[in-house]
Amino acid sequence: MSDHVVLHVKGRVLVGPEEARDELWVVDGRISYERPRAEAVTVQGWALPGLVDAHCHVGLDAHGAVDEATSEKQALTDRDAGTLLIRDAGSPADTRWIDDREDLPKIIRAGRHIARTRRYIRNFAHEIEPDELVAHVAREAQRGDGWVKLVGDWLDREAGDLGACWPRGAVEAAIAEAHRLGARVTAHCFAEDSLRDLVEAGIDCIEHATGLTEDTIPLFAERGVAIVPTLVNIATFPDLAAGGESKFPRWSAHMRRLYQRRYDTVRAAYDAGIPVFVGTDAGGSLAHGLVAAEVAELVKAGIPPLQALSATTWGARQWLGRPALEEGAPADLVVYDEDPRADVRALAAPSRVILNGRVIG
């Protein structure tokens, strides 16, 4: 990685969905729109704010927490794909050491997942009963960076299908406690029947949201509850369904239905005005570095390309309370040889990644 040098980024600087400038400078690791006196190294192309993966897991693999070397590799893979801001949607590993590394993406943590006993992937979550929910939410709210992650539904082995994990009263009290402590709450939800209680209880976001229907979409829109569809993860549903067919046929059929209507669900949510953001669900069994593929999936679902770009750049950063390409902001940006507004697939091939004002590589 290079030392701090003055950079001159020129071509088209995509400051916002409706605003482009011809150039910016990077001085002492910060963005400036005033020409400095010092000599600068030129970087040419189309520049975007560092991409956001709003559902990612650093420090986690299919078996649970991983060591620091594996966590570092995950973070580097995301960085090299242009993801410079991650909302870590639950991890059992302590990744605070990453905050001291100027060459790794910035992470907004949601603490560790909170799940119902035996109702989630082994070794991922705190597995508890409803009477313990408020206390665990309070603890994770204080451990995280302004987010808490619940598991809202999962396979109920007795019913043989997806089922909601928490009674209404428990989530109302838990979400109220998180908000009192200044944290927002999100929840993993595949199915339909957990959504209304969570939204009416005041939840801020739903992950996956494959169970949205014409009954709940207006409720989400009215309350301003965001969704992070993770379509690159929903693509695995047919394989999951095939694996569980013999033991849980109802669950398998349900997963296939959710998969088959995934694009219609996302487009209906977007059309209703529900905020939609980019997340990949990397880090459980899914590879890191898939943010460009997720943006392309949102476009395939029918979201206009500029709005799909915003869902991983300007809009996502605003939602998470982090700056984009404003004067004085940390210089976290990605440069491309082709205009990503013309074809979002350009996101898969960054020509330069600039993190904390340094050109990576």
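Preceding block: the structure.
Residues numbered from 1 in each chain as written. Predicted model: local features only at pLDDT ≥ 70, side-chain atom pairs only at ≥ 80, totals over all residues. Heavy atoms only, no water.

**Points about the packing of helix α2 (residues 133-143) against helix α3 (residues 168-180)**
Move 1: Look at α2 against α3: their axes get within 9 Å of each other, and the N-to-C directions meet at 25 degrees. Looking at the two axes, α2 sits roughly parallel to α3. Crossing handedness for the pair α2 and α3: right-handed. Together, Leu-133, Val-134, Val-137 and Ala-138 of α2 and Ala-170, Val-171, Ala-173, Ala-174, Glu-177 and Ala-178 of α3 make up the contact between the two elements.
Move 2: Of the residues assigned to the contact of α2 with α3, the class counts are nine nonpolar, no polar and one charged. (Axes fitted to C-alpha atoms, helices over the stretch in contact; angles between N-to-C directions. Helix = DSSP H or I, 4+ residues; strand = E, 2+ residues; numbered from the N terminus. Parallel < 35°, antiparallel > 145°, perpendicular 65-115°, else oblique. Left-handed = near helix turned anticlockwise from the far one by under 90°. Contact = heavy atoms within 4.5 Å. Nonpolar A, V, L, I, M, F, W, Y, C, P; charged D, E, K, R; others polar.)

**Quick look at the side chain of Asp-332**
Move 1: Relative to the helices and strands, Asp-332 resides in the loop between α12 (314-320) and β18 (333-336).
Move 2: Side-chain polar atoms of Asp-332 contact the side chain of Lys-106, separated by 2.6 Å. (Polar contact = N/O pair within 3.5 Å; in protein donor to acceptor, adjacent residues only side chain to side chain.)

**Quick word on the sheet that holds strand β3 (residues 30-32)**
Move 1: In space, the seven strands of this open sheet follow the order β3-β2-β1-β4-β18-β19-β20, with mixed pairing throughout. Two strands lie at the open edges of the sheet, namely β3 and β20 (358-359), each paired on one side alone. (Pairing = 2+ DSSP bridges.)

**Regarding a positive patch on the surface**
Move 1: On the surface, Arg-118, Arg-122, Arg-157 and Lys-247 cluster together to form a positively charged patch.
Move 2: By relative accessible area, which is 44% here, Arg-157 ends up partly exposed. (Patch = residues over 30% accessible without salt bridge, like charges linked within 9 Å, V, L, I, M, F, W, Y side chains within 5 Å. Areas by Shrake-Rupley, 256 points an atom, 1.4 Å probe, with all protein chains shown as cover. Salt bridge = Lys/Arg side-chain N within 4 Å of Asp/Glu carboxyl O. Lys, Arg positive; Asp, Glu negative; His and termini not counted. Charge placed at Lys NZ, Arg CZ, Asp CG, Glu CD. Buried < 20%, exposed > 50% of the residue type's maximum accessible area, 1.4 Å probe, protein only.)

**Focus on unusual backbone geometry**
Move 1: One non-glycine residue, Arg-118, lies in positive phi territory at about 55 degrees.
Move 2: With respect to the helices, strands and loops of the structure, Arg-118 is situated in the loop between β10 (114-116) and β11 (126-128).
Move 3: With a phi close to 75 degrees, Asn-123 is a non-glycine residue in the positive phi region.
Move 4: Among the structural elements, Asn-123 can be located in the loop between β10 and β11.
Move 5: Residue Asn-123 is classed as partly exposed on the basis of its relative accessible area, which comes to 45%.

**Side note on the sheet that holds strand β8 (residues 83-88)**
Move 1: Reading across from one edge, β5-β8-β9 is the order of the three strands in this open sheet, with parallel pairing throughout. Both outer strands of the open sheet, β5 (51-56) and β9 (106-109), are each paired with one neighbouring strand and no more. The average angle at which neighbouring strand axes cross in this sheet is 20 degrees, direction not considered.
Move 2: Note that β8 and β9 share four bridges and pair parallel. Bridge pairing in β9 links Ile-86 to Ile-107.

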